[in-house]
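# Structural overview
One-letter residues, chain by chain:
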Amino acid sequence: MGLTIQKNAIILAAGKSNRFAPFTYEKPKGLFRVKGDILIERQIEQLRTAGVKDIYIVVGYMKEKFFYLEKKYGVHLLVNNTFGIKGNIYSLYTAREYLENTFICCADHYFVYNPFTDSNVQNCSYRACSYHEGSFREFAVEYSDASVITDVAVGGRDHMTMVGHAYFNKTFSELFRKYMEAEINDFGVAGMFWEEFYAKHQKNLTLYMKEYDEKDILEFDSIDDLRQFDSEFLFNVDSEIITNICRTIDCHPNNIVDIAVIQAGLTNVSFVFTAGGIKYVYRHPGGTAGNLINRKAERYAQYKAKELGVDKSVIYMDESGWKISYYVPDMVSCDFETHPEQFKLGMEYLRKIHGVQVDSDIKVFDDVKEGKKLMTIASASKGNLFSEFSELIEKIEKLDLLVKADAVTLGIKPVLCHNDAYVPNYLATQTGELYLIDWEYAGINDPANDVACILCRGDYSKERTEEYLREYFGRELTPGEHRHYIAYIALCGFYWFCWGLYKGSVGDDDGFFFLPAYRSCIRYIDIALESYAEGNQLDMGGDTK
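Heads up: these notes are all about the structure in this document.

Calculation criteria
- Residues numbered from 1 in each chain as written.
- Predicted model: local features only at pLDDT ≥ 70, side-chain atom pairs only at ≥ 80, totals over all residues.
- Heavy atoms only, no water.
- Helix = DSSP H or I, 4+ residues; strand = E, 2+ residues; numbered from the N terminus.
- Buried < 20%, exposed > 50% of the residue type's maximum accessible area, 1.4 Å probe, protein only.
- Areas by Shrake-Rupley, 256 points an atom, 1.4 Å probe, with all protein chains shown as cover.
- Polar contact = N/O pair within 3.5 Å; in protein donor to acceptor, adjacent residues only side chain to side chain.
- Contact = heavy atoms within 4.5 Å.
- Phe/Tyr/Trp six-rings, centres within 6.5 Å; stacked < 30°, edge-to-face > 60°.
- Lys, Arg positive; Asp, Glu negative; His and termini not counted.
- Salt bridge = Lys/Arg side-chain N within 4 Å of Asp/Glu carboxyl O.
- Core = buried A, V, L, I, M, F, W, Y, C linked by side-chain atoms within 4.5 Å.
- Disulfide = S-S within 2.5 Å.
- Axes fitted to C-alpha atoms, helices over the stretch in contact; angles between N-to-C directions.
- Parallel < 35°, antiparallel > 145°, perpendicular 65-115°, else oblique.
- Left-handed = near helix turned anticlockwise from the far one by under 90°.
- Nonpolar A, V, L, I, M, F, W, Y, C, P; charged D, E, K, R; others polar.

Before going further, it helps to spend a moment on the overall build of the chain. Of regular secondary structure, the chain possesses 18 helices and 21 strands. When its C-alpha atoms are laid out on the principal axes, the chain stretches across 100 × 55 × 45 Å. The buried share of the chain, reckoned over its 545 residues, is 55%. With an accessible surface of roughly 24,700 Å², the chain has 48% of that area assigned to carbon and sulfur atoms.

Written out as structure tokens, the structure is:
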């Protein structure tokens, strides 16, 4: 009798699985419950049944949710904090010292029967594959009469594809590890799937194709795909999102259909769904939302907007930040420049909000103070921004003091403000309705800020800027009012410039208005300061568009 080969396993569990949002905003896909089993726990138990004692799990996204596995199963966790910018080859690289006679698995696969107990007498390295009818996005393989993989391609139709797990014997592992250690820092390598890296060295790495029935190894590509296999998935997913929806609109989890993400960012993920023939939007607060958003102020403003008919879509918003709204159908492009009726109604909405009697404990939104907070955070990765923009900051702080003193003189009192009012946050319909949405930055502020939010993020001429101010006031402005509102374009531009710095510092899109906001700040700050020095209505110096 030959010696029994001791095998171990590496389970890759670092990724986010964006196609399964919004539920992956609550937990990683590998922790989903499918037909009564937690996906990764089912794999661990199947590996244990096959005699695999040493199991290494590479975690990254929401890694802390996997921590319990060490105590429950005696597995070993390894951390890959680069999961958001690198491919799974880097997760395998993280676990490279444990590559021996090793099963390579992904945490979100579902094995109908235990594949780890299959006999492999000759201890050959292999990749699980199945024949796929129709088009696919997986890796397609060509193979010889001896089932040795000879070529790998991405996507195809009616072909043998890589699916499920793999097995590396010790010889294969040593060579694969050698290649990884030599090349992981080469251009593009760290962003690869491990299968791509294998294909790069295919001539020197013998990997067999081991065929399985496609019904025996499942890789769920979408929520609908998963629900086809487990019709009770939403009922058993242990999701606060599903609980919130069912309690709010009084429905059963299985009645929720047609889930589709429409926005996923730093502060929220939003998705549409249908229940009982009615289409809704659910907004779930993201992981960094608490750093940016005052949910109490947002909720207060959201309900005031509903009362005033400014945003009739909202059904319920919780203090923690989640919200359910009716889906607004028949939307058309909102464009204040070509649709004067939208422009007039948009300004009317701002006046309505500014007329609200505000609770005293609602957050005061200070553009300069909030902007400097964002700049402080951004400086951690972008260098000392306070030094780089010291001249601008000095002017902004001076202008801020002048404007606040001016507000007292003019009798301009702080009011409830949207603080993110610009055309993309207005929704228009074919029937002429208008909605002002996204109240996350709402709070008490100078009313000039809401008009400035629009003007500082676009390239508006002098004449068009004056039209915005006249439409908001419904009359010609006094010299003092004009000076005050124009100065706010610089202050508001500074805030949104800082917002762009922050977004860029955390690896997110810094916004199409990042540069326009900076330009607006620079364009108006000296004009505003000079106007205060002279004490007259400022002269913007003609059309600078």
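Right, let's talk about the side chain of His-109 for a bit. Tracing the backbone shows His-109 in the loop between β6 (102–106) and β7 (110–111). Given a relative accessible area of 6%, His-109 falls into the buried group. At 3.0 Å, the side chain of His-109 forms a polar contact with the side chain of Glu-219. When residues no more than four places from it in sequence are discounted, the contact partners of His-109 are Leu-39, Gln-43, Gly-164, His-165, Leu-218 and Glu-219.

Turning next to the packing of aromatic side chains. Each aromatic ring pair is described using two quantities: the centre-to-centre distance and the angle formed by the ring planes. Using the criterion set out here, one finds 47 aromatic pairs in the structure. With a centroid separation of 5.0 Å and an interplanar angle of 65°, the aromatic rings of Tyr-110 and Phe-229 are classed as edge-to-face. Here Tyr-110, found in strand β7, pairs with Phe-229, found in helix α6 (residues 223–229); they are 119 residues apart in sequence, far enough to count as distant. Judged by relative accessible area, Tyr-110 falls into the buried class, the value being 6%. Given a relative accessible area of 24%, Phe-229 falls into the partly exposed group. Ring centres of Phe-139 and Phe-193 lie 5.9 Å apart, and the angle between their planes is 75°; this geometry places the pair in the edge-to-face category. In this pair, Phe-139 is assigned in strand β8 (residues 126–143) and Phe-193 in the loop between α4 (170–183) and α5 (194–200), connecting sequence segments 54 residues apart.

Moving on, we come to the side chain of Glu-466. Relative to the elements of secondary structure, Glu-466 occurs in helix α16 (residues 462–473). Buried charged residue Glu-466 carries no salt bridge. Nearest counter-charge: Arg-470, at 4.7 Å. Within the structure, Glu-466 has its side chain in polar contact with the side chain of His-482 (distance 2.7 Å).

A few words now on the environment of Ala-528. As for its position among the elements, Ala-528 is in helix α18 (residues 514–534). Along the primary structure Ala-528 and Ala-428 are separated by 100 residues, whereas in three dimensions their C-alpha atoms are 34 Å apart.

Turning next to the nonpolar core. Judged by nonpolar contacts, the single largest core of 80 residues is most densely connected at Phe-336, Leu-350, Leu-399, Phe-494 and Trp-496. At 16 residues, helix α17 (residues 479–505) tops the list of elements feeding residues into this core. In this structure, Phe-336 is in contact with Gln-342, Phe-343, Gly-346, Met-347, Val-423, Tyr-426, Ile-454, Arg-464 and Tyr-468, ignoring residues within four places of it in sequence.

Moving on: the pattern of salt bridges. A complete count under the given rule lists 33 salt bridges for this structure. A salt bridge links Arg-295 to Glu-298, with the shortest nitrogen-to-oxygen separation between them at 2.7 Å. One end of the pair is Arg-295 and the other is Glu-298, both in helix α10 (residues 295–308) and three residues apart, which spans about a single turn. Residue Arg-295 is classed as buried on the basis of its relative accessible area, which comes to 9%. Linking Glu-471 and Lys-344 is a salt bridge whose minimum nitrogen-to-oxygen distance equals 3.4 Å. Here Glu-471, found in helix α16, pairs with Lys-344, found in helix α11 (residues 340–354); they are 127 residues apart in sequence, far enough to count as distant. By sharing partners, the salt bridges in this structure join Arg-283, Arg-295, Glu-298 and Glu-440 into a single network.

According to the stated counting rule, one finds zero disulfides in the structure shown. Lacking any disulfide linkage, Cys-129 is separated from the closest cysteine sulfur, that of Cys-106, by 14 Å. We note that Cys-498 lacks a disulfide partner, and the nearest cysteine sulfur, in Cys-521, lies 8.3 Å from it. Classification of Cys-498 by relative accessible area gives buried; the value is 0%.

Take the packing of α11 against α16 next. Contact geometry of α11 with α16 gives a least axis separation of 9 Å together with a crossing angle of 50°. Relative to α16, α11 is oriented oblique. Regarding α11 and α16, the two cross each other, and that crossing is right-handed. Residues Phe-343, Lys-344, Met-347, Leu-350, Arg-351 and His-354 of α11 form the contact with α16, whose own contacting residues are Arg-464, Glu-467, Tyr-468, Glu-471 and Tyr-472. Considered class by class, the residues forming the contact of α11 with α16 number five nonpolar, one polar and five charged.

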